[in-house]
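Observations on chain architecture
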Amino acid sequence: MDISKYNPKNYILIKGAKVNNLKNIDVSIPRDSLVVITGLSGSGKSSLAFDTLFAEGQRRYVESLSAYARQFLGRMSKPEVDYILGISPAVAIEQKVNTRNPRSTVGTSTEIYEYLKLLFARIGKTYSPISGKEVKRDTVTHVVDFILQLPEESKITLFSPIAIDGKRSLEEQLEILLQEGFARISINDEIIRIDEALKSFFPSKKKIKDIKLLIDRLVVRKRDEDFYSRLSDSVQTCFYEGNGTCVLETGFQDKIEQHEFSNRFELDGITFEEPTENFFSFNNPYGACKTCEGFGNVIGIDEDLVIPNKQLSIYQDAVVCWKGEKMSEWKDHLIMTASKFNFPVHKPYLELSKEQKDELWNGNKYFEGIYGFFKYIESEAYKIQYRVMLSRYRGKTVCPECKGTRLRPDAGYVKIGGKSLIDLALLPASDLADFFSKLQLSDYEKQVANRILVEIRSRLDFLLDVGLGYLTLNRLSNSLSGGESQRINLATSLGSSLVGSMYILDEPSIGLHPRDTNNLIRVLCQLRDLGNTVIVVEHDEEIIRSADYIIDIGPFAGRLGGEVVYSGTYQDMLKPDVKTLTAQYLRDEERIPVPEFRRKSKDYIELVHVWENNLKNVTVRFPLHSIVVVTGVSGSGKTSLVKHVLYNSIKKRFGGVADYTGNCAEIHFNLARFSDIELVDQDPIGRSSRSNPATYLKAYDDIRQLYAEQPLAKKRNYKPGYFSFNIEGGRCEVCEGEGKITVEMQFMADVHLVCEECKGTRFKDEVLEIKYKDKNIYELLEMTVSEALDFFSNDKSTTTQRIYNKLKSLDDVGLGYVKLGQSSSSLSGGEAQRVKLAFFLNRGASEKPMIFIFDEPSTGLHFHDIQKLNQAFTALVEKGHSVIIIEHHADIIKTADWVIDLGPEGGEEGGKIVFEGIPEDLVKCEQSYTGKFLKNKIE
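Notes on the structure follow.

Rules and cut-offs
- Residues numbered from 1 in each chain as written.
- Predicted model: local features only at pLDDT ≥ 70, side-chain atom pairs only at ≥ 80, totals over all residues.
- Heavy atoms only, no water.
- Pairing = 2+ DSSP bridges.
- Helix = DSSP H or I, 4+ residues; strand = E, 2+ residues; numbered from the N terminus.
- Axes fitted to C-alpha atoms, helices over the stretch in contact; angles between N-to-C directions.
- Contact = heavy atoms within 4.5 Å.
- Parallel < 35°, antiparallel > 145°, perpendicular 65-115°, else oblique.
- Left-handed = near helix turned anticlockwise from the far one by under 90°.
- Nonpolar A, V, L, I, M, F, W, Y, C, P; charged D, E, K, R; others polar.
- Buried < 20%, exposed > 50% of the residue type's maximum accessible area, 1.4 Å probe, protein only.

A separate point is the sheet that holds strand β1 (residues 11–17). Taken in spatial order, the three strands make up an open sheet running β2-β1-β4, and their pairing is antiparallel. If you trace the sheet from one side to the other, it starts and ends with β2 (25–30) and β4 (83–85), each paired once. Put simply, the sheet's adjacent strands are angled 5° from each other on average, direction ignored. Relative to β4, β1 runs antiparallel, the two being bridged by three bridges. In the strand pairing of β4, L13 is matched with L85.

In this section: the sheet that holds strand β20 (residues 533–537). Here six strands make up an open sheet; going across it, the order is β5-β19-β20-β3-β21-β22 and the pairing mixed. Of all the strands in the sheet, the pair left with one neighbour each is β5 (90–93) and β22 (563–568). Going from strand to strand, the sheet's axes swing by 20° on average, the running direction of each strand aside. Relative to β20, strand β3 (residues 34–39) runs parallel, the two sharing four bridges. The partner of I37 across the bridge, within β20, is V537. Packed on one face of the sheet, helix α1 (residues 45–64) meets β3, β5, β19 (502–506), β20 and β21 (549–554) and runs near 145° to β19.

One way to put it is that helix α24 (residues 699–708) packs onto helix α29 (residues 798–812) with a least axis distance of 9 Å and a crossing angle of 155°. Taken together, the axes of α24 and α29 lie roughly antiparallel to each other. When you trace α24 past α29, the crossing you get is left-handed. Contact with α24, carried on its side by A699, D702, I703, Q705 and L706, involves T799, T800, R802, I803, K806 and L807 of α29 and no other residues of that element. For the contact of α24 with α29, the per-class residue count stands at five nonpolar, three polar and three charged.

Another point: the side chain of T105. Positionally, T105 belongs in the loop between β5 and α3 (106–109). Overall, the relative accessible area of 0% leaves T105 in the buried class. Dropping the residues within four chain positions of it, T105 is found in contact with F282, R406, L473, N474, R475, L476 and S477.

Here is the structure:
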């Protein structure tokens, strides 16, 4: 492409890009447009978008900073490219969870919570938990305004209660007031001079019921300016002398009325905190719950361990710690006394009301409750059996003080529109948006809060637009999937309203049901219409169709990719002369076939009465020895069902370690027929720079054996360990087999330099002299999987065949472009997941079958690669294994033997089984959103 004819004002021009596998390509990208970069996995899309464009945008930004600022950021190397013109400030929104911070929530990361804190601090009203009345602070102005409403010539008297501080007697206090210039007091409603009271009243030891200091006596004259100033001064003095209380008496003799004003923020005998921004912050010691310090969880007695089966009643031993000869005395005592406070001992725990559950745990005057039981156990903790019992039921539990809301309890007394900030943080974003759309405020409140409300409403709308209306603001950021994190970042970017920037997104459609893709496209177009260039690395058909410009990288992956095979509009891409794989799939010339038959299995796993998170007490079957796909809109309960309940509970049955197990009454499953259950997710296969696909698949063991078998290696007595970069021997000892030297810099980013001794090869020179087919071990590790398969294909020795078979499984799952020695930390989530799949494909059919769970394996895959993935799943099932997949991609759903569709909506409107059956019947289900989008793929 000749890019010299394009104007850098209208285009981003890339000349001679050579990063990774890019083959010196020239690219022109129209500015202020929605541009999709597509192509096979490993073709070079990310190399162009992130490693070239974003890296250069970041580097230029860093170079623009002062020398002082640059020293903290570290030097960023220039990407391998001749030049880039017309580039804008770059913002990358990647497919990863940005934080593991347990304090970060959806509310804080979208900044909605920050605006809510400000809103409650400005217009929040505090209500007493006792009377429900609004707590107000009276000011001098309030008292003056009240007096001015009285009739002209009304007589008023201002008093202050006399406060005894405990250090002085009443007589001493009156002496001081006399010295300060005050003349009269009211004792038992009788006004008397202070000096007379000291002489006559106190010596007589008369009982004092009420004593007040007389501050001033006035007659209301509204037109007299001196009256205003005298009244204001007197009221101020009243508040000061009365320690915040001013008593006003109006009228005369038998018609006296008394009014009390307080400038303290109190009501019903409680002093309240005045709302400030920090008062509502769980990241600030002032606003955080004192028990859990703002985390929402504490180590305590875990309800799920104490009552694992919530379908049982107290009579049926729902409380498992009340079993046995001695401990059952607690259960028996509750049963005997239950009639005295109408406690239903025969009702399942699940069906008990909140009040009844509280009574069971906290106890009452008739019995001590579960917490009382554990206090007794703690008191006996000097005995080993009680310490063991206590540890058995301990776990991370919801904070009993703040109920998991993280804020100090009195923050819940401040309300807007009848809701506290705690209430709002627990609402799904869709309900929260509805609350703010209907919020009624006074004119003054509107004036104060208008700008804040605009920000809150717009950010909530963006959250809904990216399909995250089911999330609550209290949801932890580290519990989100990569796709959810990316869409939150996208919503936050929209909220910041940047213009003239270049946004680069990595597959924002991942984790999003096809129903919500149109909303996502609208958000991307909004970002573009603000005046930004939006570049999306994507495979989704709908997003490709909506793009202003498409760049297709290929023709294949790895060394066979790295070229621009098409650039232009979607309409032009559909023309028959465009022969790229992407174009062929878009034109339906290539299509993933629907299986000729669906497997039918009599074996199954049945989960009975599942009520985890938003799941509505569902019962569901997973057929075994077949491919089962669990689908549904985002937030419908797929992860809760498959990961939290199915995987965690069965993993524990196999004796493995798993996290918290979701609530399920019964599980019907023949354990003896299977060896284990595996969750193949997108977590990295290794965080060390020494870990790579070859080591993970154990192929590197055979490669070391192969080099140890070479004649020169035998002559020198080199054992397989000599060819390892993890142990001493043949590795370069200067860099200890890393290939790089890391220089730790004070106040600066660490600098990674190529080892001068081994020049980055990781091995000593004598090791590199050992060659197999003219290639040393370093050159072999630099090969891609596809190149290595060609390299080993003609050799029939036992060792090379083992290497070939292990690497073939990597190629079968679409990872032929990955280098054997590529660091695991550089692999994407989807690539890491497929490396794990390849590892299990290597296991023989003779092994006892396993159950595999895959979490969105289509991540990062082109249409063409999904065909390979489906073949890999089929290979697993043919070896006797069972495959359960959480997925939205229609091309994977249509190849399933059985589909479980959850929904119908996300959040509280989801959690039900919409459909169970084969894909052909799913398209006939009216309630299923998945069925509507699957129709075109099956017909």
